Amino acid sequence: ARGIGATPVLSIADHLKAKNIPFEFHYLFAGGSPGSFRATIEASTFAENTTFYFEAAEPRLNPAALLADRPDDTHLFLCG
């Protein structure tokens with residue numbers, strides 16, 4: 001997710017956490033969208049499921065590595 005486009009993913013993450021369904025939330029922000037929801041996410045019940053990425057800073061978002069060993073029934077939601 002990135003910037004304001006993360007809004008629907010926040011609802012999905014809330015639902016998954018409430019149902020105890022395993023998930024990872026990867027939130028990417030750049031200079032144009034400086035972590036709009038970072039404080040909200042850090043205060044949420046799913047903060048422990050979240051990894052933040054900022055432009056060229058570490059850790060870098062590596063989609064190939066994130067998806068490399070996932071089960072065939074893995075769902076991927078993108079926005080932004």
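Each remark here, short or long, concerns the structure printed above.
Bear in mind that the values here come from a model prediction, so they are computed numbers and not experimental data.

Turning our eyes to something else, we now look at a nonpolar patch on the surface. A cluster of nonpolar side chains, Leu67, Leu76 and Leu78, forms an exposed patch at the surface whose accessible area comes to about 330 Å². As for its position among the elements, Leu67 is in helix 3 (residues 63-67). Of the residues examined, Leu67 reaches a relative accessible area of 40% and is grouped as partly exposed.

Our focus in this paragraph is the packing of aromatic side chains. Within this structure, the stated rule accounts for four aromatic pairs. Grouped by ring-pair contacts, the aromatic residues Phe23, Phe25, Tyr27, Phe46 and Phe52 constitute a single cluster. Lying across the ring of Phe52, Arg38 places its NZ or CZ 4.2 Å from the centre.

Counting residues in each nonpolar core, the largest one holds 13 residues, and the members touching the most others are Leu10, Phe23, Phe25, Tyr27, Phe37, Ile41 and Phe46. Among the elements that line this core, the one with the most residues is helix 1 (residues 7-18), at four residues.

Cut-offs used in this document
Residues numbered from 1 in each chain as written. Predicted model: local features only at pLDDT ≥ 70, side-chain atom pairs only at ≥ 80, totals over all residues. Heavy atoms only, no water. Patch = residues over 30% accessible without salt bridge, like charges linked within 9 Å, V, L, I, M, F, W, Y side chains within 5 Å. Areas by Shrake-Rupley, 256 points an atom, 1.4 Å probe, with all protein chains shown as cover. Salt bridge = Lys/Arg side-chain N within 4 Å of Asp/Glu carboxyl O. Helix = DSSP H or I, 4+ residues; strand = E, 2+ residues; numbered from the N terminus. Buried < 20%, exposed > 50% of the residue type's maximum accessible area, 1.4 Å probe, protein only. Phe/Tyr/Trp six-rings, centres within 6.5 Å; stacked < 30°, edge-to-face > 60°. Lys NZ or Arg CZ within 6 Å of the ring centre and 35° of its normal. Core = buried A, V, L, I, M, F, W, Y, C linked by side-chain atoms within 4.5 Å.

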